[in-house]
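Tertiary structure, described
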Amino acid sequence: MLKTAIFPGRYVQGEGALDHLGSEAAKLGDSGLAILDEFAMENLKSRIEATLKGAGSYTLSKFGGECSDEEINLHIDEAKASSAKVIIGIGGGKGLDVAKAVAHNLGLPVINVPTLASTDAPTSALSVIYTPSGEFDRYMVLPRNPNVILVDSKIIAEAPVRFFKAGIADALATYFEAEDCRPTQASNMTGNTGPMTAHGLAKLCYNVLLEDGVSACTACSQGVVVPALDNVIEANTLLSGLGFESGGLAAAHAIHNGLTMLDETHHYYHGEKVSIGVLSQLWLTGRPRSLIDEVYEFCRAIGLPTTLKEIGLEKVTDEQLKVVADRACEDGETIHNTSFAVTPDMVIAAIKVADAEGQRLNEVGSNY
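Keep in mind the model is a prediction, meaning the values are calculated, not measured.

**Re the packing of helix H12 (residues 289-302) against helix H14 (residues 344-364)**
Here H12 crosses H14 at 60°, and the two axes come no closer than 11 Å. Viewed along their axes, H12 and H14 form a crossing whose handedness is right-handed. Between H12, through Arg289, Asp293, Tyr296, Glu297 and Arg300, and H14, the contact on the second element is made entirely by Val353, Ala354, Glu357, Gly358, Arg360, Leu361 and Asn362. Here the contact of H12 with H14 is composed, by residue class, of four nonpolar, two polar and six charged.

Take a look at the structure:
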């Protein structure tokens, strides 16, 4: 059995890390294009210009807001015009995906600088492509991970805590999905089985969340950096990214994909819908009651959704749940990495029980 893991080339994290971007960029080339989203351009431009000044000739460009072919081609042209040797993406996930796609098309190294710890996307060898109007188009699977991930903990701490909590929810799925891939020897993002290293990192991710998640959310709500916050930033960004990409995905993200079929969920973040997917997966796969209790209480302690009402589905119908379940069980979906055949009826049952348990706990209170 061939086992494969993939990793970013270099990971840099800490308070003030942004001011070291220039020294990291200089290791890769003396000219480049930095693609900044609206937040980065408005709030970080002067710091970015200052740090890149010592790295050589770097041009700053504003990301248009959608990771589309048109946006990618625009920045490809800019990179060619500036004789760029390095591409840098700074901001949220879609801007980073554009940077990865531009770098791939030009055969250049890429540095990702996330300003949120809301998903594990910054480390991945993947760009999600949309139409200019924001509709999903396709996945662009890339041959390699980013050369450098640079995370400034202070910038993450000062972002709205809801983003941070969504990142925790996305990371929470990592261990359970990787564990469901292990007995089936299911393929990870490379098309091969994940090694024990990936599963070990997925378990470490879960342990860090349980140990430091509540304290980290408190710190983020105050906009300050403490060790617990740094630990969870690393779990959200690096450990979760390594775990999902090399360990594999299973039911939680497939159920998330199903939930996105309902318009009522569109105003909720990726991780908030994954939270419902995780809880549903626990019921679907028959995890021990003690583990189910542990995960519910953790989610409630930091304010993650545990009921359908909390992702806009208070009045969800059986017909809508069938739409969710049918999408989650489509051919090729990761739910089929589970060790038994999963049907839409089983998914509907798991979602209903997960929701009912969340409602029950809301009525009796939390003992976390």
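Read on, since the account is not over.
**Side note on a nonpolar patch on the surface**
A surface patch of nonpolar side chains, amounting to about 350 Å² of accessible area, comprises Phe136, Tyr139 and Val141. Mapped onto the elements, Tyr139 comes out in strand S7 (residues 136-141). A relative accessible area of 51% means that Tyr139 is categorised as exposed.

**Things to note about the side chain of Arg287**
Residue placement: Arg287 occurs in the loop between helix H11 (270-284) and H12. Among the polar contacts made by the side chain of Arg287, one reaches the main-chain carbonyl oxygen of Phe176 at a distance of 3.4 Å.

**Focus: the pattern of salt bridges**
One pass over the structure, following the stated rule, counts 20 salt bridges. Lys100 is the partner of Asp97 in a salt bridge, and the nearest nitrogen-oxygen pair spans 3.3 Å. Highlighted residues: Asp97 and Lys100, both in helix H5 (residues 93-106), separated by three residues, approximately one helical turn. The class for Lys100 is buried, based on a relative accessible area of 3%.

**Some thoughts on the packing of aromatic side chains**
All chains considered together, the criterion is met by four aromatic pairs. Aromatic pair Tyr175 and Tyr206: ring centres 5.5 Å apart, planes at 20°, arrangement stacked. Of the two residues, Tyr175 sits in helix H7 (residues 161-184) while Tyr206 sits in helix H8 (residues 196-222), which places them 31 residues apart along the sequence. The exposure class of Tyr206 is buried, given its relative accessible area of 4%. Between Phe176 and Tyr206 the ring centres are 5.1 Å apart and the planes differ by 70°, which places this aromatic pair in the edge-to-face class. With Phe176 in helix H7 and Tyr206 in helix H8, the pair connects residues that are 30 residues apart, well separated along the chain.

**Describing helix H4 (residues 69-81)**
Taking 1.5 Å as the rise per residue, H4 with 13 residues should run 18 Å; its terminal C-alpha atoms sit 18 Å apart, in good agreement. Buried within H4 are the following residues: Glu71, Ile72, His75, Ile76 and Ala79. End-on, the buried residues of H4 take up no more than an arc of 140°, which puts them together on one face. Residues Glu70, Lys80 and Ala81 are exposed on H4 and point more than 90 degrees away from its buried face. Next to the buried residues of H4 lie strand S2 (31-36), strand S3 (57-62), strand S4 (86-91), H5 and strand S6 (126-130). Directly beyond the C-terminal end of H4, a positive phi value near 55° is found at Ser83.

**Looking at the nonpolar core**
One finds Phe164, Ile168, Leu209 and Val295 to be the most contacted residues of the largest nonpolar core, which totals 44 residues. For this core, the element with the most residues is H8, which contributes nine residues. Not counting chain neighbours up to four residues away, the residues in contact with Leu209 comprise Ile168, Ala171, Leu172, Val232, Ala235, Asn236 and Phe298.

**Points about the sheet that holds strand S5 (residues 110-114)**
Taken in spatial order, the six strands line up as S1-S8-S5-S4-S2-S3 in an open sheet, and their pairing is parallel. For this open sheet the edge positions go to strand S1 (11-14) and S3, each flanked by a neighbour on one side alone. Each strand axis lies, on average, 15° off the axis of its neighbour in the sheet, ignoring direction. Pairing analysis gives five bridges linking S2 to S4, with the strands arranged parallel. Residue pairing in the sheet places Gly32 in a bridge with Val86 of S4. The strands that helix H3 (residues 45-53) touches are S2, S3, S4 and strand S8 (148-152); relative to S3, the one it contacts most, it runs at about 160°. Packing of helix H9 (residues 227-247) onto the sheet brings it into contact with S1 and S8, and relative to S1 it is tilted by some 150°.

**A short note on H7**
If you check H7, its first and last C-alpha atoms are 36 Å apart, about what 24 residues at 1.5 Å a residue would give, namely 34 Å. One or two steps after H7, the chain reaches Gln185, where phi turns positive at roughly 55°.

**Looking at the environment of Gln281**
Assignment of secondary structure puts Gln281 in helix H11. When its relative accessible area of 1% is taken as the criterion, Gln281 is described as buried. A sequence separation of 28 residues divides Gln281 from His253, and the C-alpha atoms of the two residues are 9.4 Å apart. Beyond its immediate sequence surroundings of up to four residues, Gln281 is in contact with Phe176, Glu177, Asp180, Ala250, Ala251, Ala252, Ile255 and Arg287.

Definitions and cut-offs
- In this numbering scheme, every chain counts its residues from 1 along its sequence in written order.
- Local features are withheld for residues below a pLDDT of 70 in this predicted model, meaning they are given only at 70 or higher, and side-chain atom pairs are given and counted only at 80 or more; totals for whole chains, interfaces and linings count all residues.
- For side-chain calculations, the full set of non-hydrogen atoms in the structure is used, while hydrogens and water are omitted.
- Angular values range over 0 to 180 degrees, each being the angle between N-to-C directions of two axes fitted as lines to C-alpha atoms, with helices fitted over their stretch in contact.
- Only DSSP runs of H or I with at least four residues qualify as helices, and only runs of E with at least two residues qualify as strands; both kinds are numbered from the N terminus onward.
- Note: crossing handedness is left-handed where the near helix turns anticlockwise from the far helix by less than a right angle, and right-handed where it turns clockwise.
- A contact between two residues is defined here by any heavy atoms of the two lying within 4.5 Å.
- Amino acid classes used here: Ala, Val, Leu, Ile, Met, Phe, Trp, Tyr, Cys and Pro are nonpolar; Asp, Glu, Lys and Arg are charged; the rest, including Gly, are polar.
- Nonpolar side chains (Val, Leu, Ile, Met, Phe, Trp, Tyr) are joined into patches within 5 Å and like charges within 9 Å, using only residues with over 30% relative accessible area and no salt bridge.
- Each accessible area value is a Shrake-Rupley result obtained with a 1.4 Å probe; residue values ignore everything except the protein chains displayed when judging cover.
- By convention in these notes, a salt bridge is any Lys or Arg side-chain nitrogen within 4 Å of a carboxyl oxygen on Asp or Glu.
- Type-normalised accessible area, obtained with a 1.4 Å probe on protein chains alone, sets the label of each residue: buried when under 20%, exposed when over 50%, and partly exposed for intermediate values.
- Pairs of N or O atoms within 3.5 Å make up the polar contacts considered here, provided that, within protein, one atom can donate a hydrogen while the other can accept it, and that residues adjacent in sequence are counted only when both atoms are side-chain atoms.
- Centre distance within 6.5 Å is the pairing criterion for rings of Phe, Tyr and Trp, where only the six-membered ring of Trp is used; planes under 30 degrees apart are then read as stacked, over 60 as edge-to-face, and the remainder as tilted.
- A helix is expected to reach a length of 1.5 Å times the quantity of its residues less one.
- Directions from the helix axis toward the C-beta atoms define the arc.
- Among buried residues, those of type Ala, Val, Leu, Ile, Met, Phe, Trp, Tyr and Cys that are joined through side-chain atoms within 4.5 Å constitute a nonpolar core.
- When DSSP finds two or more bridges between two strands, those strands count as paired.

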